[in-house]
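# Geometric and topological summary
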Amino acid sequence: FARNSAVPPPSQDRGAADNTNKVHTVTIQPPPGKKKKMDKGNIIMVPVNAEDFKKLNEFAESAWVCRDPENADEIKETRRKLLEKHNQDMVRKMQQRQNQNKPDSN
């Protein structure tokens with residue numbers, strides 16, 4: 001049975017072991033040193049329950065920064081300003097909670 005097999009012996013099967021079967025991957029990115037401008041026109045305010053606000057806010061910021069890491073500082077600053085402008089009460093409550101949770105430095 002083995003003598004009539006159509007499968008060549010391993011020494012003749014060169015496709016798997018040959019180095020001619022290489023995979024090349026090309027990634028297109030903007031030129032180094034060029035910073036693309038952050039698009040502030042794509043910001044949408046989403047109403048969420050106050051209990052879910054903190055985690056959803058963290059997720060939204062992280063997702064945006066992952067999509068545009070070159071503008072991370074500008075994204076964080078823009079989001080902070082928008083939060084202060086549109087959610088003054090919520091920001092104030094969050095700051096109060098942070099101050100209450102800080103250990104005393106005395």
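Computed from a predicted structure; not experimentally measured.

Quick notes on the rules
- Residues numbered from 1 in each chain as written.
- Predicted model: local features only at pLDDT ≥ 70, side-chain atom pairs only at ≥ 80, totals over all residues.
- Heavy atoms only, no water.
- Helix = DSSP H or I, 4+ residues; strand = E, 2+ residues; numbered from the N terminus.
- Buried < 20%, exposed > 50% of the residue type's maximum accessible area, 1.4 Å probe, protein only.
- Contact = heavy atoms within 4.5 Å.
- pLDDT = per-residue confidence, 0-100.
- Expected span 1.5 Å × (residues − 1).
- Arc of directions from axis to C-beta.
- Polar contact = N/O pair within 3.5 Å; in protein donor to acceptor, adjacent residues only side chain to side chain.
- Salt bridge = Lys/Arg side-chain N within 4 Å of Asp/Glu carboxyl O.

### A look at the overall build of the chain
Helix and strand counts for the chain stand at 3 helices and 0 strands. For the chain, the succession of helices and strands along the chain, N to C, is α-α-α. Taking all 106 residues of the chain together, 13% fall into the buried category. Taking contacts inside the chain between residues at least 6 apart in sequence as the whole, the part at least 24 apart equals 66%.

### Here we look at the confidence of the model for the chain
When pLDDT is averaged along the chain, the result is 76, and 67% of the positions lie at 70 or above. Least confident of the elements in the chain is helix α3 (residues 88-101), whose mean pLDDT is 79; most confident is helix α1 (residues 53-67), at 90.

### Considering helix α2 (residues 72-86)
Under the 1.5 Å per step criterion, the end-to-end length of α2 is 21 Å for 15 residues, consistent within 8% with the ideal 21 Å. Every buried residue belonging to α2 is among Ala 72, Ile 75, Thr 78, Arg 79 and Leu 83, and all of these are buried. Seen from one end, α2 has its buried residues packed into an arc of 135 degrees, which puts them on one side. Opposite the buried face of α2, by more than 90 degrees, sit the exposed residues Asp 73, Lys 81 and Lys 85. In this fold, the buried residues of α2 make contact with α1 and α3.

### Examining the environment of Asn 57
Tracing the backbone through its elements, the reader meets Asn 57 in helix α1. Put simply, Asn 57 and Leu 83 are 26 residues apart on the chain and 9.6 Å apart in space, counted from C-alpha to C-alpha. If we skip the residues at most four places from it in the chain, Asn 57 touches Arg 79 and Leu 83.

### Describing the side chain of Arg 79
The residue Arg 79 is located in helix α2 in this model. Only 3.5 Å separates the side chain of Arg 79 from the side chain of Glu 61, close enough to count as a polar contact. Discounting chain neighbours no more than four positions away, the residues touching Arg 79 are Asn 57, Ala 60, Glu 61 and Trp 64.

### Examining the pattern of salt bridges
Here the structure, examined in full by the defined rule, presents 4 salt bridges. The salt bridge partner of Glu 58 is Lys 55, with a shortest N-O separation of 3.4 Å. Of the two residues, Glu 58 and Lys 55 are both situated in helix α1; the distance of 3 residues between them amounts to about one turn of the helix. Taking the shortest distance from any N to any O, the salt bridge between Glu 61 and Arg 79 comes out at 3.5 Å. In this pair, Glu 61 sits in helix α1 while Arg 79 sits in helix α2, placing the two residues 18 residues apart along the sequence.

### What about α1?
Note: α-helices contain 3.6 residues per turn, so residues at a spacing of three or four share the same orientation. The end-to-end C-alpha distance of α1 is 21 Å, a good match for the 21 Å that 15 residues give at a rise of 1.5 Å each. Burial in α1 covers these residues: Phe 53, Asn 57, Trp 64 and Val 65. Seen along its axis, α1 keeps its buried residues to an arc of 100 degrees; they face one direction. Away from its buried face by more than 90 degrees, α1 exposes Lys 55, Phe 59, Cys 66 and Arg 67. Check the buried side of α1 and you find it contacts α2 and α3.

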